[in-house]
Amino acid sequence: MNETVNRLIEIFRKMKDELESVGWYPVDAESTRWWGGAETPDEVVITAMLVQQTRWDVVHEVLNRLRRLSLNKLEVIANTDPNYLAEIIKGVNYRFTKAQRLVKFAKNVTMIGGLGKLRLRGDVRDFLLNQEGVGRETADSIMLFALNIPTMPISQYTKRVFSRLLSLKLGDNYDMWKEFLEGLLPRDLYTYKLIHASIITIGKKYCLPTDPLCNKCPLRDVCLYARGRG
């Protein structure tokens, strides 16, 4: 299994252009630019909450709008009328609900001293999961890409790609997948970001729910599913 993991990481390191084509920008381990070119941890958090059930291209347009109005900072959002914010994020699905949740989140984070203080807490994940609109995948994404804490977000792409890649039958249980992958992969910030970004890319471009494009997939030589299709 270690040999397979090493080969995966080697393949993923060569996928820079493919990652960038779907909005991941692999740079140094601690950079926020991995996450769609985000310039700050605040922008990672904001877009992580807005992108739920919304296309990334829409969220990027909204982020640029927020930047022009200096609303790309949690401290500013904390003091913003949710109805006004909802107008600014027009185009995002469930924008009124998300605006209310984002303002509440921003207030709660600001009250404890910001994201820098949050990162130092021993209950970071619990804090995030207690915020409205933050589920397990979003919490882990914020921890990994905004707070630089090595933790593996589990998406539907993660489950589909690794199920086929390693012929796994772990079902749909988020925590089971998380425990398995974190036990399998080197606990390294750069590696975690690279794995997550690459798996999302593979899932979007090749490992489709039906009729996967195995012959074009970068993982075709190491994937048990692709080998079985011959």
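Structure shown above.
Residues numbered from 1 in each chain as written. Predicted model: local features only at pLDDT ≥ 70, side-chain atom pairs only at ≥ 80, totals over all residues. Heavy atoms only, no water.

Caption draft 1: The pattern of salt bridges, seen in detail. If you walk through the whole model with that rule in mind, you get 15 salt bridges. Of the charged contacts in the structure, one is a salt bridge between Arg 67 and Glu 39, with a shortest N-O distance of 3.9 Å. With a gap of 28 residues between them, Arg 67 in helix H4 (residues 56-68) and Glu 39 in the loop between helix H2 (16-21) and helix H3 (41-50) connect regions that are remote in the sequence. Take Arg 67: its relative accessible area is 24%, and that puts it in the partly exposed class. Taking the relative accessible area as the measure of exposure, Glu 39 reaches 53% and is therefore exposed. (Salt bridge = Lys/Arg side-chain N within 4 Å of Asp/Glu carboxyl O. Helix = DSSP H or I, 4+ residues; strand = E, 2+ residues; numbered from the N terminus. Buried < 20%, exposed > 50% of the residue type's maximum accessible area, 1.4 Å probe, protein only.)

Caption draft 2: Expanded view of helix H13 (residues 189-205). The first and last C-alpha atoms of H13 sit 24 Å apart over 17 residues, in line with the 24 Å expected at 1.5 Å per residue. With 14 of its 17 residues buried, H13 lies for the most part within the structure. Backbone nitrogen of Tyr 190 and a side-chain oxygen of the N-cap are separated by 3.3 Å at the start of H13; the cap is Asp 188. (Expected span 1.5 Å × (residues − 1). Polar contact = N/O pair within 3.5 Å; in protein donor to acceptor, adjacent residues only side chain to side chain.)

Caption draft 3: Structural view of helix H1 (residues 2-13). When the terminal C-alpha atoms of H1 are compared, their 17 Å separation across twelve residues agrees well with the 16 Å that a helix rising 1.5 Å per residue should span. Looking only at H1, the buried set comprises Val 5, Leu 8, Ile 9, Ile 11 and Phe 12. Along H1, the residues classed as buried sweep out an arc of 160° about the axis, all on the same side. In H1, the exposed positions that point more than 90 degrees away from the buried face belong to Asn 2, Glu 3 and Arg 13. Among the structural elements, helix H11 (156-166), helix H12 (174-184) and H13 are those in contact with the buried residues of H1. (Arc of directions from axis to C-beta. Contact = heavy atoms within 4.5 Å.)

Caption draft 4: Representation of the environment of Lys 90. Tracing the backbone through its elements, the reader meets Lys 90 in the loop between helix H6 (82-88) and helix H7 (95-111). Separated by 28 residues in sequence, Lys 90 and Val 62 have C-alpha atoms that sit 7.5 Å apart. Sequence-distant contacts of Lys 90, that is, excluding residues within four places in its chain, are made with Val 62, Arg 65 and Arg 95. Engagement of the side chain of Lys 90 in a polar contact is seen with the side chain of Glu 87, the distance being 3.3 Å.

Caption draft 5: Spotlight on the nonpolar core. Membership of the largest hydrophobic core comes to 79 residues, with the highest contact counts inside it found for Phe 12, Leu 50, Leu 66, Leu 128, Phe 162, Ile 202 and Leu 219. In this view, Phe 162 contacts Leu 8, Ser 167, Leu 168, Trp 177, Leu 181, Ile 195 and Ile 199; residues no more than four positions away in its chain are not counted. (Core = buried A, V, L, I, M, F, W, Y, C linked by side-chain atoms within 4.5 Å.)

Caption draft 6: Geometry of unusual backbone geometry. Of note in the backbone geometry, Asn 148 takes a positive phi value of approximately 55° without being a glycine. Look at Asn 148 and you get buried, because its relative accessible area is 13%.

Caption draft 7: Fine view of the packing of H11 against H13. H13 packs onto H11 with a crossing angle of 80° between their chain directions and a minimal axis gap of 9 Å. With respect to H13, the axis of H11 lies roughly perpendicular. Two secondary-structure elements touch here, H11 through Tyr 157, Thr 158, Arg 160, Val 161 and Phe 162 and H13 through Ile 195, Ile 199, Ile 200, Ile 202, Gly 203 and Lys 204. Across the contact of H11 with H13, the residue classes tally to seven nonpolar, two polar and two charged. (Axes fitted to C-alpha atoms, helices over the stretch in contact; angles between N-to-C directions. Parallel < 35°, antiparallel > 145°, perpendicular 65-115°, else oblique. Nonpolar A, V, L, I, M, F, W, Y, C, P; charged D, E, K, R; others polar.)

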